[in-house]
Amino acid sequence: MGVAVAAQERRAPVGALLRQWRRRRGLSQLALAVGAEISTRHLSFVETGRSAPSREMVLRLAEHLDVPLRDRNRLLLAAGYAPVYSHAPLDSPELRRVLDAVRRVLRAHEPYPAVAVDRRWNLVAGNAALPLLTEGAAAHLLRPPANALRLTLHPEGMAPRIANLGEWRAHLLGRLRRHLALADDPELGALHDELRGYPGGPADPDAGLPRAGDVVVPLRLRHPGGELAFLSTVSTFGTPLDVTVEELSIESFFPADEATAAYLRAAVR
């Protein structure tokens, strides 16, 4: 965190920030007070600045509000305390074991594609099957730091190959909006606006709605050997104590039919 940002966070009243997070989570003062096991009066005093919270109180409220670690550090700074969660670069010695574990997970998922991304969907790593998804994408979209969402929906990226582009686009934009609702990020907001401006939006207003019997949104890719169909899952670290680790996620693509599975097994070999 830069000096200017840190100074700005210190000037922001911690009570006002906690109130913003409470409202973002849709909680009343009473509901938060009961969950955090404090009095509503004390919470009200903290939010209005009449009472200065202890470091433990800030962390307790942040835990019950499910505030991301990055923003917990900001709350601590605003309250006059030092951050408690580290924020190590991915290539640092501290995170070497984490990155090694991520790469093992990606390799173990072969012959099916899998990627690791950071909080803004920038690609951190991918496995040997990833080029099967990105085949034909423009070089400028693949240069680091390549953004997975931009690569997918850009007209020079994967978009021309996605058979159900309207449906998949609605799915990705919905995920991005939910992420923004949990943790406001101006850069992600700008990315959302950029992606919405790409061509390929559904002419049919019902294109993003589930059909009867659907249980997941598939990714359907056109390919010379026929259409490939994938289902995806997202994994995160369950007990992160570092900002970078908390913001890492792995998206794994599984074949949605046996024809796709057979093609991938042969292609990766």
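Residues numbered from 1 in each chain as written. Predicted model: local features only at pLDDT ≥ 70, side-chain atom pairs only at ≥ 80, totals over all residues. Heavy atoms only, no water.

The name given to the chain in an unreviewed UniProt entry is Helix-turn-helix transcriptional regulator, and the organism recorded there is Micromonospora reichwaldensis.

Draft legend 1. Highlighting the pairing of strand 2 (residues 123-126). As paired elements, strand 1 (residues 114-117) and strand 2 share 3 bridges and run antiparallel to each other. Residue pairing across strands places V117 opposite L123, the latter belonging to strand 2. Taking the residues between adjacent antiparallel strands as the criterion, strand 1 and strand 2 are bridged by 5 residues, where W121 takes a positive phi near 65°. (Pairing = 2+ DSSP bridges. Helix = DSSP H or I, 4+ residues; strand = E, 2+ residues; numbered from the N terminus.)

Draft legend 2. Just the pattern of salt bridges, in detail. A complete count under the given rule lists 13 salt bridges for this structure. Between E187 and R120 there is a salt bridge, and its shortest N-O distance comes to 3.2 Å. Here E187, found in helix 12 (residues 186-196), pairs with R120, found in the loop between strand 1 and strand 2; they are 67 residues apart in sequence, far enough to count as distant. Here the salt bridges share partners, and the residues they tie into one network are R70, R119, R120, D185, E187 and E247. (Salt bridge = Lys/Arg side-chain N within 4 Å of Asp/Glu carboxyl O.)

Draft legend 3. Representation of the pairing of strand 5 (residues 249-255) in the model. Along strand 5, 6 of the 7 residues are buried, which leaves the element largely enclosed by surrounding structure. Pairing of strand 1 with strand 5 involves 4 bridges; the strand directions are antiparallel. By the bridge assignment for strand 5, A116 is matched with I250. The pairing of strand 4 (residues 228-236) with strand 5 spans 7 bridges and is classified as antiparallel. Each residue of the ladder has a partner; that of V234, found in strand 5, is E251. (Buried < 20%, exposed > 50% of the residue type's maximum accessible area, 1.4 Å probe, protein only.)

Draft legend 4. Summary view of the confidence of the model for the chain. Counting all residues, the mean pLDDT for the chain is 90, and 90% of those residues have values of 70 or more. Segment residues 1-10: pLDDT under 50, and 10 contacts once partners within four positions in sequence are set aside and those in other chains are kept. (pLDDT = per-residue confidence, 0-100. Contact = heavy atoms within 4.5 Å.)

Draft legend 5. How the structure looks around helix 12. Turning to helix 12, its buried residues number three or more, namely L188, L191, H192 and L195. All buried residues of helix 12 fall inside an arc of 105° around its axis, so they share one side. In helix 12, the exposed positions angled more than 90 degrees off the buried face are occupied by P186 and D193. Elements in contact with the buried residues of helix 12: helix 10 (148-153) and helix 11 (165-182). Measuring from the backbone nitrogen of E187 back to the side-chain oxygen at the start of helix 12 gives 2.9 Å, which picks out D185 as the cap. (Arc of directions from axis to C-beta. Polar contact = N/O pair within 3.5 Å; in protein donor to acceptor, adjacent residues only side chain to side chain.)

Draft legend 6. Local environment of the environment of D118. Locating D118 in the fold gives a position in the loop between strand 1 and strand 2. Given the relative accessible area of 27%, D118 is considered partly exposed. For the pair D118 and E247, spaced 129 residues apart in sequence, the C-alpha separation works out to 5.6 Å. With near-sequence residues (within four places) excluded, D118 lies in contact with V124 and E247. Of note is the side chain of D118, whose polar atom sits 2.9 Å from the backbone nitrogen of R120.

Draft legend 7. Broad picture of helix 7 (residues 96-108). Over its 13 residues, helix 7 extends 18 Å from the first C-alpha to the last, a length consistent with the 18 Å expected when each residue adds 1.5 Å. Residues of helix 7 that are buried include every one of V98, L99, V102 and L106, and no others. Looking straight down helix 7, one finds that the buried residues subtend no more than 95° of arc, so they occupy a single side. In helix 7, the exposed positions angled more than 90 degrees off the buried face are occupied by R96, R97 and A108. (Expected span 1.5 Å × (residues − 1).)

Draft legend 8. Highlighting empty space enclosed by the protein. Summed over all chains, the structure comprises 1 cavity of 30 Å³ or more. In this structure, the largest cavity occupies an estimated 230 Å³ of space. Taken together, 18 residues line the largest cavity, and the ones lying closest to its centre are V115, A148, T152, E251 and F253. Counting only elements with at least two residues in the lining of the largest cavity, the list comes to strand 1, helix 8 (131-134), helix 10, helix 11 and strand 5. Classifying every residue of the lining of the largest cavity gives 14 nonpolar, 2 polar and 2 charged. (1 Å grid on protein atoms, 1.4 Å probe; cavity = no way out; pocket = protein on both sides within 12 Å on 5 of 7 lines; lining within 4 Å. Points joined across faces, edges and corners; volume = space filled by probe spheres on them. Nonpolar A, V, L, I, M, F, W, Y, C, P; charged D, E, K, R; others polar.)

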